[in-house]
Amino acid sequence: MGEVIQIRDLQAARERAHRRASDHQSIERALGLMRENLAWAAERLRTAPIDAHPELLDRIEKLTATIRYGMLMLGEPAAGTAADGFNRRG
């Protein structure tokens, strides 16, 4: 009986590891797309008329926040976080 439980536990652990790997790959792909969108928005900001800047800046702000969150989900250090003093109040 104990062996059956161990096999089930091993199978469950493998399935969890597979899901984590799949999730990790999905997050990496999403981060890549968001970085491409961020680069596009930054280039567009450089060439767009002034009246388009507020919308582009809002898009850039949202993309950078989402990219930071994705990096945190992957366990990567995100530049400009409170850990390096960016958001510290003093």
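For the structure itself, look to the data block above.
Residues numbered from 1 in each chain as written. Predicted model: local features only at pLDDT ≥ 70, side-chain atom pairs only at ≥ 80, totals over all residues. Heavy atoms only, no water.

S.K.: Please give an account of the overall build of the chain that cites residues and values.
M.R.: Of regular secondary structure, the chain possesses 2 helices and 0 strands. Split into buried and exposed, the 90 residues of the chain put 18% on the buried side. Long-range contacts, defined as pairs at least 24 residues apart, comprise 46% of the intrachain contacts of the chain with a sequence gap of at least 6. Here the chain displays about 7300 Å² of accessible surface, and carbon together with sulfur accounts for 56% of that area. (Helix = DSSP H or I, 4+ residues; strand = E, 2+ residues; numbered from the N terminus. Buried < 20%, exposed > 50% of the residue type's maximum accessible area, 1.4 Å probe, protein only. Contact = heavy atoms within 4.5 Å. Areas by Shrake-Rupley, 256 points an atom, 1.4 Å probe, with all protein chains shown as cover.)

S.K.: Explain the environment of Ala39 to me, using residue names and the numbers behind them.
M.R.: For Ala39, the position within the fold is in helix 1 (residues 2-47). Judged by its relative accessible area of 48%, Ala39 falls in the partly exposed class. Measuring from C-alpha to C-alpha, the distance between Ala39 and Ile60 comes to 9.0 Å, with 21 residues separating the pair along the chain.

S.K.: Please set out the nonpolar core residue by residue, giving values where relevant.
M.R.: One recurring pattern in soluble globular proteins: nonpolar side chains tend to sit buried together. The biggest cluster of nonpolar side chains holds 7 residues, and these are Ile27, Leu31, Met34, Leu63, Ile67, Met71 and Leu74. Of all the secondary structure elements, the ones that give two or more residues to this core are helix 1 and helix 2 (53-74). Tallying contributions element by element places helix 2 first for this core, with 4 residues. Once you skip the residues sitting within four places of it in the chain, Ile27 turns out to touch Gly70, Met73 and Leu74. Grouped together as the second largest cluster of nonpolar side chains are 5 residues, Ala41, Leu45, Ala48 and Leu56 included. (Core = buried A, V, L, I, M, F, W, Y, C linked by side-chain atoms within 4.5 Å.)

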